[in-house]
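Structural overview
Given next are the chains, with one letter for each unit.
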Amino acid sequence: PFSCLVSTERDPEGVKKVRENLLSDVPEGVHRMSVDFDGKIALLGYKLEPPEVPKGESFRISYFFKCKQPVGDDWLVFIHGDGPQGGAHRVFGDHAPMGGLYPTSEWQPGDIVRDTHVMKVPANYPYKHFTLWMGFWKGNKRLPVSQKYQHDGNDRVRTALVRVR
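Counting of residues starts from 1 at the beginning of each chain's written sequence and follows it residue by residue. pLDDT decides what is reported in this predicted model: residues at 70 or higher carry local features, side-chain atom pairs at 80 or more are listed and counted, and totals for whole chains, interfaces and linings draw on all residues regardless. Only hydrogens and water are set aside; all other atoms, that is, all heavy atoms of the structure, feed into the side-chain values.

**Observations regarding the overall build of the protein**
Secondary structure assignment for the protein yields 1 helix and 11 strands. Helical segments are the DSSP runs of H or I of at least four residues, strand segments are the runs of E of at least two, and each set is numbered from the N terminus. What you see in the protein, going N to C, is helices and strands ordered as α-β-β-β-β-β-β-β-β-β-β-β. A compact globule built from 165 residues should have a C-alpha radius of gyration of about 15 Å, and the protein, at 17 Å, falls within 12% of that. Principal-axis analysis of the C-alpha atoms places the extent of the protein at approximately 45 × 45 × 35 Å. Each radius of gyration reported is based on C-alpha atoms, and the globular scaling rule is 2.2 Å times the count of residues to the power 0.38.

Pasting the structure below:
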């Protein structure tokens, strides 16, 4: 037998987390960017903490998005940490924005959304750095990057450089 408790009430802690991550402006210390995803979402910037990570340790990457128009669908964020050999030894950070508490289908025009994700550098990572590439995906589709010069041809945007020690 299978049972599932379903509620229409949101978790108070989840509501608090959503409120804390809906911003009126991009905070200080953010590496600014301006990337348009299909006219619906703009990537305004990112913040990497810490910028240098020991092997086997974790880091936080925060992306700052602005909803430009209703997104309509629930897109997931993908993060690919690619070293100098491309996809070899890739570090993955795929996730639902804001831990699934505020899906893109609920984003409202004008919302500035901070999406923070914790990733871990493998203890045996062989390179001294890797680049974080990000985008939005759903099934086998990706949300297109409008400016062709700002992505790698696969609708992935280059963001932070993570230094590994």
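Anyway, onward from the coordinates.
**Notes on the side chain of His117**
By the secondary structure assignment, His117 is in strand E8 (residues 112–120). Ignoring any residue separated from it by four or fewer positions in sequence, one finds His117 in contact with Phe59, Arg60, Ile61, Ile79, Gly93, Asp94 and His95. Contact criterion: two residues are considered in contact whenever any of their non-hydrogen atoms come within 4.5 Å of each other.

**Concerning the sheet that holds strand E2 (residues 31–37)**
If you trace the 5 strands from one edge of the open sheet to the other, you get E1-E8-E5-E3-E2, paired in antiparallel fashion. With one partner strand each, in any of the chains shown, strand E1 (22–23) and E2 form the two edges of the open sheet. Strand pairing is assigned whenever DSSP detects at least two bridges linking the two strands. As judged from the 9 bridges shared by strand E5 (residues 58–67) and E8, these two strands associate in the antiparallel manner. Its bridge partner being in E8, Tyr63 is matched across the sheet by Asp115.

**Digging into the packing of aromatic side chains**
Ring geometry is summarised as follows: Phe, Tyr and Trp rings, the Trp one being its six-membered ring, pair when their centres sit within 6.5 Å, and such pairs are stacked at plane angles under 30 degrees, edge-to-face over 60 and tilted between the two. Under the definition given, this model contains 7 aromatic pairs. Each residue in the set Phe37, Tyr63, Phe65, Trp107 and Phe136 is aromatic and connected to the rest through ring pairs, giving one cluster. Stacked on the ring of Trp75, the Lys or Arg Lys138 has its end atom at 5.2 Å from the ring centre. Any Lys NZ or Arg CZ found within 6 Å of a ring centre and within 35 degrees of that ring's normal is scored as a charge over the ring.

**Side note on the pairing of strand E11 (residues 157–164)**
Sheet topology note: the strand E4 (residues 52–53)/E11 ladder contains 2 bridges and is parallel. Within E11, the position partnered with Val53 by the bridge is Val164. The pairing of strand E9 (residues 129–138) with E11 spans 5 bridges and is classified as antiparallel. Bridge pairing links Trp133 to Arg158 in E11.

**Focus: the pattern of salt bridges**
We count a salt bridge whenever a side-chain nitrogen from Lys or Arg sits within 4 Å of a carboxyl oxygen from Asp or Glu. Counted by the stated rule, this structure contains 8 salt bridges. Here Arg165 ties to Glu52 by a salt bridge, and the two come within 2.7 Å at their closest N and O atoms. With Arg165 in the segment after E11 and Glu52 in strand E4, this pair connects stretches of sequence that are 113 residues apart. Across the pair Arg156 and Asp82 runs a salt bridge whose closest N-O atoms are separated by 3.0 Å. In this pair, Arg156 is assigned in the loop between strand E10 (141–142) and E11 and Asp82 in strand E6 (residues 76–83), connecting sequence segments 74 residues apart. Residue class for Arg156 comes out buried when judged on its relative accessible area of 9%. Beyond isolated ion pairs, a larger network of salt bridges with shared partners links Lys47, Glu49 and Arg60. Type-normalised accessible area, obtained with a 1.4 Å probe on protein chains alone, sets the label of each residue: buried when under 20%, exposed when over 50%, and partly exposed for intermediate values.

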